[in-house]
Amino acid sequence: MSDSDFLPEGTLRGLPGPLPAGERILWRGAPSLSGVLLRALHARLVLVWFAGTATVLAIGAAASGGPARALAVAGPTLLIGVAAVGLLGFLAWLVHRTTVYTLTDRRMVLHVGIALPITLNLPLTRIESADLRLFSDGTGDIPLRLPPGERVAYLHLWPHALPWRVSRPEPMLRSVPEARSVVALLAPALAAQAEGLIEPAAEGFAKGPTRTVEPAATGRANTAPGRLATAGAR
């Protein structure tokens, strides 16, 4: 039984409930499998480490016992390395399958987590800026900077968090396909909220003071008292 079985009828996967009247979905997506495997779980580094370890062991064994001894010593290490990468691949697939990012004209929703999924509901008025780190395959990371005092536990977010920002975690859309297109949708939505062009969709969605935002990869908005809602699986 999934968490969606406990949500009201008509609720889209990855959302905490039906959309309020007037709210529009601009984009929905998930991390790319290869991006999670290579950049979040560092499968290449793991493979290189095991290959290097096996090589060192093989050289030492070959010097004393010949090629057969080298193979006997390095073989188990290589097998463990292959198994480790396979396990990371399975974990990356789970992250890919269980994650849903949803951008509306009023908020960003991150449905993340494998065993204990949570839904992070971020009104656009509570996002200070959005940046873009683009990769050669067209995917990209989009970290979302929150105002001081608004914190979500880093371990709750990982791997959907900007790496090493533990004291002030930043939620991040991880390795999203066609990242430039996503940012092209997000920047105007942030700008519209910052300029006060759209009323909040529901109670608890606060509107901040107006401020001009450049329609680029980074959108910025002043903040007013509001709420970041983190909902566990129902």
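A brief structural summary.

Calculation criteria
- Residues numbered from 1 in each chain as written.
- Predicted model: local features only at pLDDT ≥ 70, side-chain atom pairs only at ≥ 80, totals over all residues.
- Heavy atoms only, no water.
- Buried < 20%, exposed > 50% of the residue type's maximum accessible area, 1.4 Å probe, protein only.
- Helix = DSSP H or I, 4+ residues; strand = E, 2+ residues; numbered from the N terminus.
- Pairing = 2+ DSSP bridges.
- Axes fitted to C-alpha atoms, helices over the stretch in contact; angles between N-to-C directions.
- Parallel < 35°, antiparallel > 145°, perpendicular 65-115°, else oblique.
- Left-handed = near helix turned anticlockwise from the far one by under 90°.
- Contact = heavy atoms within 4.5 Å.
- Nonpolar A, V, L, I, M, F, W, Y, C, P; charged D, E, K, R; others polar.
- Polar contact = N/O pair within 3.5 Å; in protein donor to acceptor, adjacent residues only side chain to side chain.
- Expected span 1.5 Å × (residues − 1).
- Phe/Tyr/Trp six-rings, centres within 6.5 Å; stacked < 30°, edge-to-face > 60°.
- Lys NZ or Arg CZ within 6 Å of the ring centre and 35° of its normal.

Moving on, we come to the pairing of strand β3 (residues 107-112). Counting buried positions along β3 gives 6 out of 6 residues, so the element sits mostly inside the fold. Of the two faces of β3, the one carrying Arg 107, Val 109 and His 111 and the one carrying Met 108, Leu 110 and Val 112 are both buried. The pairing of strand β2 (residues 100-104) with β3 spans 4 bridges and is antiparallel. Bridge pairing links Thr 102 to Val 109 in β3. The antiparallel hairpin formed by β2 and β3 contains 2 residues in its connecting segment. Here β3 runs beside strand β4 (residues 118-123); their pairing, made up of 6 bridges, is antiparallel. Paired with Met 108 across the strands is Leu 122, a residue of β4. Following β3, the chain reverses through 5 residues before pairing antiparallel with β4; Gly 113 in that reversal takes a positive phi of roughly 110 degrees.

Bringing the packing of helix α1 (residues 33-40) against helix α2 (residues 43-98) into the picture now. Where α1 meets α2, the closest approach of the two axes is 8 Å, and the angle between their N-to-C directions is 130 degrees. With respect to their mutual orientation, α1 and α2 come out oblique. Crossing geometry of α1 relative to α2 is assigned as right-handed. Here Leu 33, Val 36, Leu 37 and Leu 38 of α1 come into contact with α2, specifically with Ala 43, Arg 44, Leu 88, Gly 89, Ala 92, Trp 93, Val 95 and His 96. Of the residues belonging to the contact of α1 with α2, the class tally is 9 nonpolar, 2 polar and 1 charged.

So, about the environment of His 111. Take His 111: it is sitting in strand β3. For His 111, a relative accessible area of 7% puts it in the buried group. In sequence terms His 111 and Leu 157 are 46 residues apart; their C-alpha atoms lie 9.9 Å from each other. Within the local environment of His 111, its side chain forms a polar contact with the side chain of Thr 119, the two groups lying 2.9 Å apart.

Moving on: helix α4 (residues 179-194). Here α4 contains 16 residues, and its C-alpha end-to-end distance of 22 Å stays within 8% of the 22 Å for a straight helix at 1.5 Å per residue. For α4, every residue scored as buried is listed here: Ala 179, Val 182, Val 183, Leu 186, Ala 187, Ala 189, Leu 190, Ala 191, Ala 192, Gln 193 and Ala 194.

Let us look at the packing of aromatic side chains. Inspection of the entire model under this criterion finds 2 aromatic pairs. Taking 5.1 Å as the distance between ring centres and 85 degrees as the angle between the ring planes, the aromatic pair formed by Trp 49 and Phe 50 counts as edge-to-face. Taking relative accessible area as the criterion, Phe 50 reaches 16% and is therefore assigned buried. Just above the ring of Phe 135 sits the side chain of Arg 39; from NZ or CZ to the centre is 3.8 Å.

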